[in-house]
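Structural characterization, general
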Amino acid sequence: MASEEPLAVVTCTAPVNIAVIKYWGKRDEELVLPINSSLSVTLHQDQLKTTTTAAISKDFTKDRVWLNGREEDVGQPRLQACLQEIRRLARKRRNAWDGDLPPSSLSCKVHVASVNNFPTAAGLASSAAGYACLAYTLARVYGVESDLSEVARRGSGSACRSLYGGFVEWQMGEQADGKDSIARQVAPESHWPELRVLILVVSAEKKLTGSTVGMQASVKTSPLLRFRAESVVPARMAEMTRCIQERDFRGFAQLTMQDSNQFHATCLDTFPPISYLSQVSWRIIQLVHRFNAHHGDTKVAYTFDAGPNAVIFTLEDTVAEFVAAVRHTFPPGSNGDTFLKGLQVRPAPLPAELEAALAMEPTPGGIKYIIATQVGPGPQILDDPCTHLLGPDGLPKLAA
Ligand code: DP6
């Protein structure tokens, strides 16, 4: 147990991101270098975030990590890769600047505690926010100011995109050492204020293939994935950037759906095939297309990652009606009043013509709940010491 105050303690938060041009496949497993560039939207931390505290002290005898109050194995390769990389950058900085850091800090062991403000059981991707937060917090505690893409990426590829708010691209880069494989902001969070995001949390129906294993299998066996990476994604990155810059919702929405569909097609093209979408996911796809067809315009888009949950993009003026359509198609169970979490959405009736156009047989309980959110900022430092997850003894304040 530590006898003195930790040498330094920092607490930061980081957001979840959802890709609209998907990352799937690595060209280098060790460095986590992708076979194509990707582009994502950073979600608001009021609804979804990871909070991480890192403390360094000469009293600590080993590196230790707690996730949601439970101690984890610090020997996990990805955690080790992040720790080694941040210490390498800290050493580099100290050598270059002749050090305004206490000389002992680099040899100090670190304690890290991390929590999510959303249920991990919901099956929402938490590794991106988690590793982005780890990279950002370690950088602050070790006094590193350089680009953190590599640190976050070595934890989980998609994590480098959670280092920025707004709309973010991860440029695949060309170099073998990955130095040019970095995340960059395409537009800030204030750029498109009308954009809304709904996360439709679907009951998990089966065990998933993890992203890392899934993409390894796809790279090995799917000719469609190679075609996608070489011949489809480069033009899509440019087109998606244009749609975002011009706030072209129709273009943004169509490309988002097409790219999600192509990603899931590469999963089916993997041998043996991988399937992440459930029956409920497919019904959501049908609902979105019928909703758009009724309006004669693309008013709503879906995207799915390596699981059955849908992420919906729409504009402020369409949210209430779309939520009414979801409630109609997937009547909530006993949680009718807590079905919608996050941003307020004013209750709206479902117009009879829309109900008729949807022509969907209701699937009660198919969607567990909805989280309504919007585009948000990147990682933040919390100044209030009350927010530290580690006490003065360097141990978590809250046990599991
Ligand atoms: C489908 O970043 O979780 O969500 O780098 O192996 O940790 P690793 O994979 P991860 O993959 C995310 C894949 C995706 C699409 C995306 O976010 O771009």
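Residues numbered from 1 in each chain as written. Predicted model: local features only at pLDDT ≥ 70, side-chain atom pairs only at ≥ 80, totals over all residues. Heavy atoms only, no water.

Regarding the pattern of salt bridges
Inspection of the entire model under this criterion finds 17 salt bridges. Asp 305 is paired through a salt bridge with Lys 22; the nearest N and O atoms lie 2.6 Å apart. Here the residue Asp 305 occupies a position in the loop between strand 13 (300-303) and strand 14 (310-315), and Lys 22 occupies one in the loop between strand 2 (17-21) and strand 3 (26-28), the gap between them amounting to 283 residues. Look at Lys 22 and you get buried, because its relative accessible area is 3%. In this structure, a network of salt bridges that share partners links the residues Glu 30, Glu 150, Arg 154 and Lys 179. (Salt bridge = Lys/Arg side-chain N within 4 Å of Asp/Glu carboxyl O. Helix = DSSP H or I, 4+ residues; strand = E, 2+ residues; numbered from the N terminus. Buried < 20%, exposed > 50% of the residue type's maximum accessible area, 1.4 Å probe, protein only.)

Comments concerning the side chain of Ser 158
Checked against the element boundaries, Ser 158 lands in the loop between helix 3 (149-155) and strand 10 (167-170). In this structure Ser 158 touches Asn 17, Tyr 23, Ala 128 and Trp 170, once residues within four positions along its chain are discounted. (Contact = heavy atoms within 4.5 Å.)

A short note on the side chain of Thr 11
Inspection of the secondary structure puts Thr 11 in strand 1 (residues 8-15). Among the polar contacts made by the side chain of Thr 11, one reaches the side chain of Thr 53 at a distance of 2.7 Å. With residues up to four places along the chain from it excluded, the contact list for Thr 11 reads Thr 51, Thr 52, Thr 53, Gln 380, Ile 381, Leu 382, Thr 387, His 388 and Leu 389. (Polar contact = N/O pair within 3.5 Å; in protein donor to acceptor, adjacent residues only side chain to side chain.)

Things to note about the site of the ligand
Taken together, 17 residues lie near the ligand, and Tyr 23, Lys 26, Ser 156, Gly 157 and Ser 158 sit nearest. Note that an oxygen atom of the ligand is positioned 2.7 Å from one of the side-chain N or O atoms of Ser 158. Within the contact set of the ligand, an oxygen atom lies 2.8 Å away from a side-chain nitrogen or oxygen of Arg 161. About the coverage of the ligand: the protein hides 93% of its 460 Å² of free accessible area. (Near = heavy atom within 4 Å. Areas by Shrake-Rupley, 256 points an atom, 1.4 Å probe, with all protein chains shown as cover.)

A few points about the domain arrangement of the protein
Here the protein is described as being made up of domain 1 (8-188 + 380-387) and domain 2 (195-374). For domain 1 versus domain 2, the separation of C-alpha centres amounts to 27 Å. Contact between domain 1 and domain 2 buries roughly 3,000 Å² in total, counting both sides, with carbon and sulfur atoms accounting for 71%. Counting across the domain 1 and domain 2 interface gives nine residue pairs in polar contact (both at pLDDT 80 or more). Residue assignment for the side of domain 1 that touches domain 2 shows that the elements contributing at least two residues are strand 2, strand 5 (38-42), strand 10 and strand 11 (183-187). Partitioned by chemical class, the residues of the side of domain 1 that touches domain 2 number 17 nonpolar, eight polar and five charged. (Domains from an automatic or database assignment. Buried area = accessible area lost by both parts, 1.4 Å probe. Nonpolar A, V, L, I, M, F, W, Y, C, P; charged D, E, K, R; others polar.)

Quick word on the packing of aromatic side chains
All told, the structure shown has eleven aromatic pairs when counted by the stated rule. With a centroid separation of 4.7 Å and 55° between ring planes, the pair formed by Trp 24 and Phe 263 is classed as tilted. Pair noted here: Trp 24 is in the loop between strand 2 and strand 3 and Phe 263 is in helix 6 (residues 249-269), with a separation of 239 residues, a long-range link. Across this residue pair, the class does not change: Trp 24 and Phe 263 are buried. Taking 5.9 Å as the distance between ring centres and 50° as the angle between the ring planes, the aromatic pair formed by Tyr 302 and Phe 304 counts as tilted. Exposure class is identical for Tyr 302 and Phe 304. Each is buried. Here the aromatic residues Phe 167, Trp 192, Phe 249, Phe 252 and Phe 313 are joined through ring pairs into a cluster of three or more. We note Arg 140 situated over the ring of Tyr 136; from NZ or CZ to the ring centre the distance is 4.1 Å. The side chain of Lys 341 reaches across the aromatic face of Tyr 369, ending 4.5 Å from its centre. (Phe/Tyr/Trp six-rings, centres within 6.5 Å; stacked < 30°, edge-to-face > 60°. Lys NZ or Arg CZ within 6 Å of the ring centre and 35° of its normal.)

Here we look at the environment of Leu 287
Structurally, Leu 287 is set in helix 7 (residues 279-295). Between the alpha carbons of Leu 287 and Val 326 there is a distance of 8.0 Å; along the sequence they are 39 residues apart. Residues contacting Leu 287, with those up to four places away along its chain left out, are Phe 322, Ala 325, Val 326, Thr 329, Phe 330, Leu 358 and Met 360.

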